[in-house]
Structure formats: C-alpha cells, structure tokens
Amino acid sequence: MLSCNSDVGEKECCTLFCDETFTKHKKLEFPLWESTKSFEVFGCCNGVLFLLYPIAPRSGCNMYFWNPATKIVKNVSSSIVQLPDVPVHVVFGFGCVPKLDEYKVVRILYSEQMNLTDPPKLPPIVEVYSLKTDSWTKIEVDLSYFITSHMAKAFLDGSIYWVARKVNETLYDDFIVSFDMADHVFEEIKLPKSCLDDGALTGSFSVFCDSLYLFVHGPESLDWWHIWLMKEDCSGKVWCHQFKIDCSFKISWPLCFIKNGEVIFESIEGDLSLYDPMNQQFQDLHFQGNPEMIELFAYKESLVLLDLGTKSWPSKFPDDGNEKVESQTQSQESFTG
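Residues numbered from 1 in each chain as written. Predicted model: local features only at pLDDT ≥ 70, side-chain atom pairs only at ≥ 80, totals over all residues. Heavy atoms only, no water.

Draft legend 1. Looking closely at the overall build of the chain. Scanning the chain from terminus to terminus reveals zero helices and 25 strands. Counting over 337 residues, the chain shows a buried share of 51%. Put simply, the chain shows about 16500 Å² of open surface, and 49% of that area lies on carbon and sulfur atoms. (Helix = DSSP H or I, 4+ residues; strand = E, 2+ residues; numbered from the N terminus. Buried < 20%, exposed > 50% of the residue type's maximum accessible area, 1.4 Å probe, protein only. Areas by Shrake-Rupley, 256 points an atom, 1.4 Å probe, with all protein chains shown as cover.)

Draft legend 2. Structural detail: the side chain of S206. Inspection of the secondary structure assignment puts S206 in strand 17 (residues 203-208). A distance of 3.3 Å separates a polar side-chain atom of S206 from the backbone nitrogen of F257. With residues near it in sequence (within four places) discarded, S206 still touches S211, L212, Y213, F215, L255, C256 and F257. (Polar contact = N/O pair within 3.5 Å; in protein donor to acceptor, adjacent residues only side chain to side chain. Contact = heavy atoms within 4.5 Å.)

Draft legend 3. Highlighting the sheet that holds strand 17. Read across the open sheet, the four strands follow the order 17-18-19-20; overall the sheet is antiparallel. If you trace the sheet from one side to the other, it starts and ends with strand 17 and strand 20 (236-246), each paired once. If you compare each strand with its neighbour and ignore which way they point, the axes differ by 30° on average. Direction of pairing for strand 19 (residues 221-233) relative to strand 20: antiparallel, over a ladder of 10 bridges. Directly across from M230, in strand 20, lies its bridge partner W239. (Pairing = 2+ DSSP bridges. Axes fitted to C-alpha atoms, helices over the stretch in contact; angles between N-to-C directions.)

Draft legend 4. Spotlight on the nonpolar core. Membership of the largest hydrophobic core comes to 42 residues, with the highest contact counts inside it found for L2, F50 and F65. By residue number, the principal contributor to this core is strand 5 (residues 48-53), which donates six residues. Those residues in contact with L2, other than ones at most four positions away along the chain, are C14, T15, L16, L28, L49, E295, L296, F297 and Y299. (Core = buried A, V, L, I, M, F, W, Y, C linked by side-chain atoms within 4.5 Å.)

Draft legend 5. Representation of unusual backbone geometry within the structure. At C209, a position not held by glycine, the phi torsion is positive, near 50°. A relative accessible area of 57% places C209 in the exposed class. Within the chain, D210 stands out as a residue other than glycine whose phi angle is a positive 60°. Inspection of the secondary structure puts D210 in the loop between strand 17 and strand 18 (211-218).

Draft legend 6. Spatial organisation of the environment of L16. Structurally, L16 can be placed in strand 2 (residues 14-17). L16 sits in the buried class, given a relative accessible area of 0%.

Draft legend 7. Focus on the pattern of salt bridges. Here the structure, examined in full by the defined rule, presents seven salt bridges. Across the salt bridge formed by K26 and E301, the nearest N and O atoms sit 3.5 Å from each other. Of this pair, K26 sits in strand 3 (residues 24-28) while E301 sits in the segment after strand 25 (294-297), placing them 275 residues apart in sequence. E301 gets classed as buried once you look at its relative accessible area, which sits at 16%. Residues E188 and K166 are paired through a salt bridge, measuring 3.2 Å at the closest nitrogen-oxygen approach. Taken together, the positions of E188 in strand 16 (residues 185-189) and K166 in strand 14 (residues 159-168) put the pair 22 residues apart, joining distant regions of the chain. A cluster of three or more residues bridged by salt bridges with shared partners is formed by E187, E232 and K237. (Salt bridge = Lys/Arg side-chain N within 4 Å of Asp/Glu carboxyl O.)

Here it is, written out as structure tokens:
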C-alpha cells in the first residue's frame, strides 16, 4: 500500500505500508521534489505512478511516470491539441492495457467550472496519451455531464471509473462512468437503486480481489456506509449488497480495502482507522496526515522500464524534464504491497 501525503515543504511525501498489517515499510523520495513546489499522484498501476508536478495549474502542468523501484522518471510529452482558455475542471485517469501491452493516460478538460445544477455549456476535450507511441490522441465524443472528481478512483480490467453527475429537473442524477482504455469508449453505469435519496452520490470506489466495490451512504442515515459489489450477468452490470458499517460515532470516509478484506477509513481530522467486517470493530492505525492531501494506492514493486528513452534517477530535474541527468546505480528491493 502506497500512502501519498504530498505538500509544499514536506520531504517525506510517499510511504510504503505492508498490505496485511499496514505497518510502515519505507519512505520514497520523489526525485523532482523542491521545497517550494508540490506534486500529486493521480494513479498507480503495476508499480508505476502517474503524477503531476508542479500541480498548479492542472491544465498546463507537467506530467510524469515514475517507477520508484527502478528509479526511472519519464516525462510525458505535451499534447498538440490547441486548448481553449485555461480549463477550470480537469479530470485524469491512468492505467495499463494488458492486451496492448502499454500504459495510457486519459485527460478530460472542461472549459468551465463544474456546475452541479447545469450540464456543461461546451463539451470537454478528451485526449488519450499512449506511452508506446509517446503521443496524444484526441477522442471525438460529446460528454453532456460533469465527471465530479479530478482523478479516477478505480482501474480494473483495462477500464477507468469515475463518478459523474447530470441534472434532472430539481434532482441530481449521479451515476458511474467508465472508460475503456483500449477501445476509447465511455459507458454509463447506474447506481444501486436502494442507495439513492435525492440522486446525489456520497461515496467512493475500491478495487479488491479483481472486483469493483462501491462505498455509499444509504437512504436511511448518513451514519451508515453500505458496501456494494459490481457483477455482470446476462442483463449487464448489476450491484450486489455485501455489508454495511456503522460510523455514527465518528465522521469518517472509506478509502480502500487491504489484503485481508479489512477497510481503511479516514476521519475528518486526517487520522486513519481499520475496520474488520468479521468482528465489526475499528482499530486506530495511529496515522496522522493532512486530510486534504492523503491518497492511498495499491502498490507492488515491478521492473517496468517504461521505455528505452526513459531517464534514470536524476541529480537535478527541471520542470521541462529535458536536461541531461547523471545515472546512478539502481538497487532493487523485494517488497509486495
């Protein structure tokens, strides 16, 4: 498990934790880091991290792939698409495409601030970056809804998943949207019916045991989190209710599963706790961070080299990522997160 708690002035930004006990394993030093700038991880797949640095503005920031195990940093090339005025709402997704043997990034740029009561006035620009070709492709699609988060919270079987929102008269119409990274196709997925109240979704995703799970508040109370598993049958994608969690004693947000099926929760103060569905008990993990900066990702070391043109660990790495760097001896450690 990889914890990213990046912030300006903090050197220890990423930390590896054991996926069975959540004990700290080691800290990772990000090579591009400067004390006056911060970065943000927007995805992790097969030991490769996709990140933005510096993070402001998101529409024009530099994008990188980073493999902490091999200490390789790859600068993502710039898009040739002519962008409008600086977009206000930008969405990213990152993942690998096994059948194509490559990594891709999808970027969705809205030219207006996200509006929770009206659809976008202009369709967003949708682009896909391919690591194999080191190039961007513009996807011609008309999205009539806002994807509400800046990053995809789940990647499974070659598809990215976000929460999206439409407006139906006076009620919200939230749903899940997926994007097939191989075929570049969007799909809308309805939410479990029993979790809806006014149509607005308060919840999050998690991938566990090669399945997609949805954490969502039920209509009866915000004190309960309901956990749903997405399956497929002859009628398409369906939701199966698994269990529910009582969080009435503390305002908290579910982040992810760990290897043994326990769930990590984050409180409004930024501390983490572990919930065991078997005995229905919480355990304090004695972790304190900035609640606005904490992100957890499933991580397993790999020897992915990204491509033959990547640069090894740099002694100095400017924002454009184009200067010469010094190669240093690369050490390998075996650790499974």
